[in-house]
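Residues per chain are reported as follows:
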Amino acid sequence: MSSSLHLLADIRQSSERRPFSVLQLAEPLLNTNSVSATDDAYLVYEQVFISAIDERQIELAKALLLLLRKRFPASLRVKRLYGMINEAVGHPDEAQSIYTEMLATDPTNVLASKRLIALLKAAGHTDEAVAQLAAYLDTHSNDFEAWLELAHLYMRNHRLAQAAFCLEEVILQQPANHYFHLCYAELCYSMGRLDLALKEYLRVVELSTDNLRAFYGVKLVADRIRELRARSKKDPTLCIDDAPQPATLDRLAQLATERLVAIYSRANQVTKTTAELWLSS
Amino acid sequence: MTEHIVSSQAYAKAVLHCAKYPWATVHGLFLTEHQDGKTRYVDAIPLAHTWPQLTPMFDVAVQQASIYAQSKQLSIGGYYVAYEDPADVQLSASSALLATALLAAGDRVVAFVIDAQQLTPESTRPGLIPFIGGDSQWKEQPGAFGEGKGSAFR
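Rules of the game
- Residues numbered from 1 in each chain as written.
- Chains lettered and ligands numbered in written order.
- Predicted model: local features only at pLDDT ≥ 70, side-chain atom pairs only at ≥ 80, totals over all residues.
- Heavy atoms only, no water.
- Helix = DSSP H or I, 4+ residues; strand = E, 2+ residues; numbered from the N terminus.
- Contact = heavy atoms within 4.5 Å.
- Expected span 1.5 Å × (residues − 1).
- Buried < 20%, exposed > 50% of the residue type's maximum accessible area, 1.4 Å probe, protein only.
- pLDDT = per-residue confidence, 0-100.
- Disulfide = S-S within 2.5 Å.
- 1 Å grid on protein atoms, 1.4 Å probe; cavity = no way out; pocket = protein on both sides within 12 Å on 5 of 7 lines; lining within 4 Å.
- Points joined across faces, edges and corners; volume = space filled by probe spheres on them.
- Buried area = accessible area lost by both parts, 1.4 Å probe.
- Salt bridge = Lys/Arg side-chain N within 4 Å of Asp/Glu carboxyl O.
- Polar contact = N/O pair within 3.5 Å; in protein donor to acceptor, adjacent residues only side chain to side chain.
- Nonpolar A, V, L, I, M, F, W, Y, C, P; charged D, E, K, R; others polar.
- Pairing = 2+ DSSP bridges.
- Phe/Tyr/Trp six-rings, centres within 6.5 Å; stacked < 30°, edge-to-face > 60°.
- Lys NZ or Arg CZ within 6 Å of the ring centre and 35° of its normal.

Moving on: unusual backbone geometry. A positive phi angle, close to 45°, is found at Ser 15 of chain A, a residue other than glycine. Locating Ser 15 of chain A in the fold gives a position in the loop between helix 1 (2-14) and helix 2 (19-31).

Here the focus is the side chain of Ser 51 of chain A. Following the sequence through the fold, Ser 51 of chain A ends up in helix 3 (residues 41-54). Each residue touching Ser 51 of chain A, except ones within four places of it in the same chain, is listed here: Pro 19, Val 22 and Leu 23 of chain A.

To continue, consider helix 3 of chain A. Helical geometry: 3.6 residues make up each α-helical turn, so side chains three or four residues apart lie on a common side. All names here are of chain A. Compared with the 20 Å implied by 1.5 Å per residue over 14 residues, the 20 Å span of helix 3 between its first and last C-alpha is a close match. Within helix 3, 10 of the 14 residues are buried, which leaves the element mostly enclosed by the surrounding structure. Taken residue by residue, helix 3 has Ala 41, Val 44, Tyr 45, Glu 46, Gln 47, Val 48, Phe 49, Ser 51, Ala 52 and Ile 53 as its buried positions. Looking at the buried side of helix 3, the elements it contacts are helix 1, helix 2, helix 4 (58-71) and helix 5 (76-88). Taken from the residues just after helix 3, Arg 56 is the one with a positive phi, measuring 60°.

A word on the confidence of the model for chain B. For chain B, the mean per-residue pLDDT works out to 84, and 86% of the residues sit at or above 70. Throughout residues 147-151 of chain B the model reports pLDDT below 50, and contacts reaching past four residues in sequence, or to other chains, amount to five contacts.

This part covers the state of the cysteines. Applying the stated criterion to the full structure yields zero disulfides over all chains. Cysteine Cys 183 of chain A is unpaired, with the sulfur of Cys 188 of chain A as its nearest cysteine sulfur at 9.7 Å.

Looking at the second largest pocket, its volume works out to about 630 Å³. Surrounding the second largest pocket, 24 residues form its lining, Tyr 264 of chain A together with Leu 47, Met 57, Ala 61 and Gln 64 of chain B being those nearest its centre. Looking at the lining of the second largest pocket, the elements with two or more residues in it are helix 13 (212-230) and helix 15 (269-280) of chain A together with strand 3 (38-48) and helix 2 (56-71) of chain B.

Here we take up the interface of chain B and chain A. With 18 residues of chain B at the contact, the number on the chain A side is 24 residues. At the boundary of chain B with chain A, total buried surface from both sides reaches about 2,100 Å², with 64% on carbon and sulfur atoms. On the chain B side of the interface with chain A, the three residues burying the most area are Trp 51, Met 57 and Gln 64 of chain B, jointly 31% of the side's total. Put simply, Lys 121 of chain A and Glu 84 of chain B hold a salt bridge, and the shortest N to O gap is 3.8 Å. On the surface where chain B and chain A come into contact, there are seven residue pairs in polar contact (both at pLDDT 80 or more). When residues of the side of chain B that touches chain A are traced back to their parent elements, those giving at least two are helix 2 and helix 3 (93-105) of chain B. Among the residues forming the side of chain B that touches chain A, the class breakdown is nine nonpolar, six polar and three charged.

Turning our attention to the pattern of salt bridges. On inspection of all chains with the given rule, the structure shows 22 salt bridges over all chains. A salt bridge links Arg 213 of chain A to Glu 186 of chain A, with the nearest nitrogen and oxygen atoms 3.1 Å apart. Of the two residues, Arg 213 of chain A is situated in helix 13 and Glu 186 of chain A in helix 11 (residues 178-191); the sequence distance between them amounts to 27 residues. Relative accessible area serves as the criterion here: at 24%, Arg 213 of chain A is assigned to the partly exposed category. The closest approach of N and O atoms between Lys 199 of chain A and Asp 242 of chain A, which form a salt bridge, is 3.8 Å. Remark: Asp 242 of chain A occurs in the loop between helix 13 and helix 14 (246-264) and Lys 199 of chain A occurs in helix 12 (residues 194-207); sequence separation between them is 43 residues. Of the residues examined, Lys 199 of chain A reaches a relative accessible area of 45% and is grouped as partly exposed. Salt bridges sharing common partners tie together Lys 121, Glu 149 and Arg 156 of chain A together with Glu 84 of chain B.

Within the secondary structure layout, Ala 122 of chain A lies in helix 7 (residues 110-122). Between the C-alpha atoms of Ala 122 of chain A and Ala 253 of chain A, which are 131 residues apart in sequence, the distance is 42 Å.

Next up on the list: the pairing of strand 3 of chain B. All names here are of chain B. When strand 1 (residues 3-6) meets strand 3, the two strands line up parallel, connected through four bridges. What sits directly across from Glu 3, in strand 3, is Lys 38. Alignment of strand 2 (residues 26-35) against strand 3, held across nine bridges, turns out to be antiparallel. Its bridge partner being in strand 3, Leu 31 is matched across the sheet by Asp 43. Between strand 2 and strand 3, which pair antiparallel in sequence order, lie two residues; one of them, Asp 36, sits at a positive phi of approximately 50°.

Counted according to the given criterion, the structure contains 14 aromatic pairs over all chains. Look at Tyr 42 of chain A and Phe 72 of chain A: their rings are 5.4 Å apart centre to centre, the planes differ by 85°, and that puts the pair in the edge-to-face class. Placement of the pair is Tyr 42 of chain A in helix 3 and Phe 72 of chain A in the loop between helix 4 and helix 5, with a sequence separation of 30 residues. We classify Tyr 42 of chain A as partly exposed; its relative accessible area is 28%. Ring centres of Phe 144 of chain A and Phe 180 of chain A lie 5.9 Å apart, and the angle between their planes is 65°; on these two criteria the pair is classed as edge-to-face. Here Phe 144 of chain A, found in helix 9 (residues 144-156), pairs with Phe 180 of chain A, found in helix 11; they are 36 residues apart in sequence, far enough to count as distant. Put simply, the rings of Phe 144, Tyr 179 and Phe 180 of chain A together with Trp 51 of chain B touch in pairs and so form one group of aromatic residues. Over the aromatic face of Tyr 42 of chain A sits the side chain of Arg 71 of chain A, whose NZ or CZ is 5.8 Å from the ring centroid.

Okay, structure coming up:
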């Protein structure tokens, strides 16, 4: 029994969204009433509640909500769960009024702000969600996950320059995470800033091992810059001013190709043949 | 008018790709063959479910898919996208750009938006909405996949 509780605690710690696993782990515990005596009881109830609404098990969610309400009658944290269950059963207006009420009581309540933004996003009001999120970030600018979410919303509307700005904020706060550099590299490439894209792809290579995407990126950008320099007519939408010397570009493309060949040597036949043909072209 | 025939394999792969990542926007390519004035969408290549608006890996993927397609005597004749928001059934600006990039590689490309709301057992139509490009604009083809004689897709 306690191993299930440990696993549930691990999932809470990593904030992964695994509703099916959580329910599988928790159901036997709840049925045999093994949770109520533990210290983490209410954390588990909250976790199972969220997984239950994710898996459309509304009756279970309601039961857990009652338990939580009984123990914490005036809690805003529980109130937001009421908002969430309203969202889950398709009453967005009720949910919205709950969150707005919470914010009226406590304007700095992070849970309510985030739920409100999520609600707007789910309802398709992307522009409003962007506005609310930008306002939230004015006060909580060290919330890099929020910057990431804003970047995502901007990308959905094809506002790449604004998304890049958000990614820059994320990278400032999390400089060692290669995933963010990767996203930034791809944004730069999509915007035509090839020199910066190359630098960022190289940073990804530096920060991770055998990162296929990064090697592809380095090769792609190095080849493109060489090709663009060979053309007499300059394309004003593409920025290659800060790119390295031709000799360096050649070497980078060569190194990337070598790494790609090494990685693909372990792949299945079809993938391997296609990749090799592409690499040699 | 060209007749467009979507095979079960192509449709199934695209729809399953969409179903596997319901929280994300997914996109991919359709491989086609042109015969007797008909375009058959024979197969699908799912591409990605992260950052579908960003172009570098899309460029690499299209290049590799072209190599694969040629080896099977097929061409890249279609692009499909299923948006995060199931109510979203218009081709977005980023998707239009990607589909236009495909036009540069092949001659005839139809962009499809997967209408997730049609992917139910009760639905009478397939969940694909075709868009045909021209004059740098992608126009929806209404009544496609319909029952009547006017429909060019099936």
